[in-house]
Amino acid sequence: MATSDAAGLILPFGTVQRGLRRSLRDYVSMVRWHLAGLRIWLMLLGSVQALSGVGFVLGISLFFRHIPTSAALFVSTGVPVINLVMVGLVFGPQLVASQRTAGSYEYLRTLPISRAVTAAAWYTVCLISGIPAVVVSLVVAQLRYDLPLHISLMIVPAILLTCLTGTMLGYALGHAVGNPMVTQLVSQMLVFIIFGFAPILYPIQQMPGWLGDLNWWFPFRHMAVVIRAALTSSADPAVPTAYAVIGVWAVVAAALAGWSLGRRP
Amino acid sequence: MGDLRHPTGGSVDNRRAVKAASDEWTFHVDHLVKHFGTVAANDGITLQIEPGEVYGLLGPNGAGKSTLVKQTIGLLKPTSGRITLGRWDLVENPDAARQLCSYLPQAQMPIESFRLREAIELAGRIRGADIGRVRRRTDELIEALELGEWSRTLGARLSGGVKRLVGFCMATISPGHLVILDEPTNDVDPLRRRLLWNEIRALGAHGSSVLLVTHNVLEAEKAVDRLALIASGRLVAEGTPSSLKAADRAQLRLQVMLVPGAETPAQPGWAGPPVRVGNNLVTTIAESDAPAGITWAASLIDSGVAEEYALGASTLEDAYIRLTSDIPADGLHGDE
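### A look at the pattern of salt bridges
Note on pairing: side chains with opposite charge can pair once their charged atoms come close. Residues and elements named next belong to chain B. All told, the structure shown has 13 salt bridges over all chains when counted by the stated rule. The partner of Asp89 in a salt bridge is Arg82, with the nearest N and O atoms 3.7 Å apart. Taken together, the salt bridges that share partners define one network made up of Glu53, Arg226 and Glu238.

### Overview of the pairing of strand β1 (residues 27-36) of chain B
Residues and elements named next belong to chain B. Looking at chain direction, β1 and strand β4 (residues 80-85) are connected through five bridges and run antiparallel. Considered in β4, the bridge of Phe27 is made with Leu85. What sits between the antiparallel neighbours β1 and strand β2 (residues 39-49) is a turn of two residues, in which Gly37 has the positive phi angle 65°.

### Considering the sheet that holds β4(B)
Residue and element names in this part refer to chain B. Read from one edge to the other, the open sheet built from four strands follows the order β2-β1-β4-β5, with strand pairing classed as antiparallel. At either margin of the open sheet sits one strand with a lone partner, and together these are β2 and β5 (88-89). Contacts between helix α2 (residues 65-72) and the sheet are confined to β1, β2 and β4, with β1 contributing the most and set at about 115° to the helix.

### As for the confidence of the model for chain A
Across chain A, the average pLDDT comes to 90, with 94% of residues at 70 or higher. Mean pLDDT across the secondary structure elements of chain A bottoms out at helix α2 (residues 39-59) of chain A, with 89, and peaks at helix α9 (residues 219-232) of chain A, with 97.

### Regarding unusual backbone geometry
Excluding glycine, residues mostly carry a negative phi; peptide bonds, for their part, are mostly trans. The backbone phi angle of Ser233(A) is positive, close to 50°, even though this residue is not glycine. Position of Ser233(A) among the secondary structure elements: in the loop between α9 and α10 (239-262). Exposure remark for Ser233(A): the relative accessible area of 42% places this residue in the partly exposed category. Positive phi is not limited to glycine here, since Asp187(B) has a value of about 70°.

### Focus on helix α8 (residues 209-216) of chain A
Residue and element names in this part refer to chain A. Buried within α8 we find Leu211, Gly212 and Asn215. The arc enclosing the buried residues of α8, seen along the axis, measures out at 100°, which places them on a common side. Exposed residues on α8 whose side chains face more than 90 degrees from its buried face are Trp210 and Asp213. Its buried side turned inward, α8 meets α7 (180-197) and α9.

### Quick word on the pairing of strand β13 (residues 280-286) of chain B
Residue and element names in this part refer to chain B. Buried residues dominate β13, accounting for five of its seven residues. Direction of pairing for strand β11 (residues 251-258) relative to β13: antiparallel, over a ladder of seven bridges. The residue of β13 that forms the bridge with Arg253 is Thr284. Of the strand pairs in this sheet, strand β12 (residues 275-277) and β13 are connected by three bridges, and their pairing is antiparallel. Within β13, the position partnered with Arg276 by the bridge is Leu281.

### A word on the packing of aromatic side chains
The full count for this structure, using the stated rule, is six aromatic pairs over all chains. Taking the centre distance of 4.7 Å and the plane angle of 40° together, the rings of Trp33(A) and Phe114(B) count as tilted. Taken together, the positions of Trp33(A) in helix α1 (residues 20-37) and Phe114(B) in the loop between β6 (101-104) and α4 (116-126) put the pair across two chains. Summarising the burial analysis for this pair, Trp33(A) and Phe114(B) share the class buried. Ring centres of Trp270(B) and Trp296(B) lie 6.4 Å apart, and the angle between their planes is 90°; on these two criteria the pair is classed as edge-to-face. Of the two residues, Trp270(B) sits in the loop between β11 and β12 while Trp296(B) sits in helix α10 (residues 290-302), which places them 26 residues apart along the sequence. Above the ring of Phe74(A), the side-chain terminus of Arg228(A) is found at 3.5 Å from the ring centroid.

Cut-offs applied
- Residues numbered from 1 in each chain as written.
- Chains lettered and ligands numbered in written order.
- Predicted model: local features only at pLDDT ≥ 70, side-chain atom pairs only at ≥ 80, totals over all residues.
- Heavy atoms only, no water.
- Salt bridge = Lys/Arg side-chain N within 4 Å of Asp/Glu carboxyl O.
- Pairing = 2+ DSSP bridges.
- Helix = DSSP H or I, 4+ residues; strand = E, 2+ residues; numbered from the N terminus.
- Contact = heavy atoms within 4.5 Å.
- Axes fitted to C-alpha atoms, helices over the stretch in contact; angles between N-to-C directions.
- pLDDT = per-residue confidence, 0-100.
- Buried < 20%, exposed > 50% of the residue type's maximum accessible area, 1.4 Å probe, protein only.
- Arc of directions from axis to C-beta.
- Phe/Tyr/Trp six-rings, centres within 6.5 Å; stacked < 30°, edge-to-face > 60°.
- Lys NZ or Arg CZ within 6 Å of the ring centre and 35° of its normal.

Next comes the structure, spelled out in C-alpha cells:
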C-alpha cells in the first residue's frame, strides 16, 4: 500500500521561528486564509455595505422637499464611519461566535501564528471590505448632491484608525466573551447604539446634552469628527482630541483582545 | 530565540541521520495535574512518547484525554506538572508548542468556503513550509487518500468523512515533531480508513511522535505501538496492545445477542463479569470452559432469550472494559 513519502516531505518540520520575516510570511498566509474562508460572504458583505451606505445617502433626501447642502454633507461624511466599522465591530464578533458554536474556534487558536499577526490580518480584511463601500457611498453622494468635498491626505490616517478601532473592539468582544449568544446580543446592541444614539449621521446638538456628554467617552462620535474633517479639509479644533480618544480605544481594545486570546484557563 | 530548524532533506540516505537526530524530540508529560474547581481532570499523569512512536490515548468520555491534549497545545494551563517536547517546555512556551506540534481537533475544520486542495495548501503555508514543498506534499496526500475527485470541490459540498480526511491533511501537510490526532477516523469510510491508518503509521515511520486520541479500541489495537488507558484523570494502564491483553490470555470472549427486551440471564459461575450494551452481552471465559460456554449460549437461544452468539479470542476492548470499569487505587501498568 503506497503512502506519501516519495520525497521525504513527511519528515517532521517543526521549527521555532520568530522575527519580522516570519511575521510577514504569516501575515500574507493569514490574509489569504481569511479571504478564501470568507470568499462567499465577503462579496455579499461588501455589496450590503455599499448598498446600506448608498441607502443612507439617498434616503436622507426623502425627509426634505429641498435638502440643505449642509445636511446632505453631514450625512454623506458620516456614512463612511459606518462602512468602516461595521465589518470589524459587528460581523467580526459574530464570525467568532459561529466558530465557537461550530467547534472550529479552538483549532484556529492552535495555528502557529502570533496573536498580533492574526489580528493584523483580520484588520486588513476589514479594510478591504470597508473601503470600496466608502468610495461607492461618496461617489453616489457627490453625484446626487454635488457636495463641496475637499479630501485631504488626512483621510488616510482617519480611515486606518477608525477601521482599526472598530476592528479591535469587535475582536475584543468576540474573543473575550466566551458565550456565543452573549456575543451575538452585544453586537446587535452595538448596531442599535451606533445608528440610533451616536452622533455620526446627525449633529451632536440634536441630542440631549447628557447623551452628547456621554458620547464623548465613546469612540464613534470622534470617528465621525476625524473622517468628516478629512473629507471636507475643515480645521475642526476637535480633531486632535478625537484622534486621541479613538487611539486610546484602539489600544485598550487590542490589549483586551490580546489578553483574551493568550489566556489559558 | 534560536532557530531549531530540523534537517528536512528528502533522500533516503540522510533520513536515517534525521531519525537518529530526532531522539532530541522525545515528548514528556510529567506528573500533570489539572483542576477545574474541585474536579481533577488530570490527576498526576506521567507518560513519554519517543520520536517515531504512534501512541494511543484511550479512555471513556470525560476521562481527561482532551484536557491533556489542550494543555499540550497551549489552550489550557496545567495546575502543576510539566509538558516538554525535546528541550522545549510547552507549558512555558505555548507559541513554541503551536509551531512544534500539529493538531487535528475532534471538531470539523472550518473549510466550508475553501476548495479541498486550497485548504490543505493554505494550512501548509500557515505551518511555515515553502510553497514547493507544500504543493508536492499536497499531491502526495491527495493521491494517498484518494481525494483527487474532490480536489476543487468547496468544503461545504464535501461529505463529513472527506472533510475529516481534509482535516487530517491540513494537520499533517507539514507535520510537527508531535502530531496530535483526535479521533481521526470519525465518519471516514472503511476503505479510506485503511489508507488513513497507513498515513498515520507513515508519520511515525518518518520521525514524528503521534499522539492518537480515540474511542475506537479495535482500530487502535492494530495501529499503535503503545497505548495508555486514562480513566477519571489518571493513567490506569500503559503498554503495548499485547501486554495490556496479557491478563486476558487463555481467555475467550463470549458474545451473546439477546432478544430485544430480554432480561440479562443469570451468569454461570465460570464466566467473568458480564457487560451489557443494548442487547449485546459480553463476558470472558477460560479456554477450558469453551464447551460449557457454547452449551450455555445455545441453551439461551433454545429458550428464546438470545438470537445468536459468537466465541472468539479476547480483544483489547475486553482489556479496556476491564481496566476502565474497575480502576485500582494505585494504577496498573502493562509492560512498564
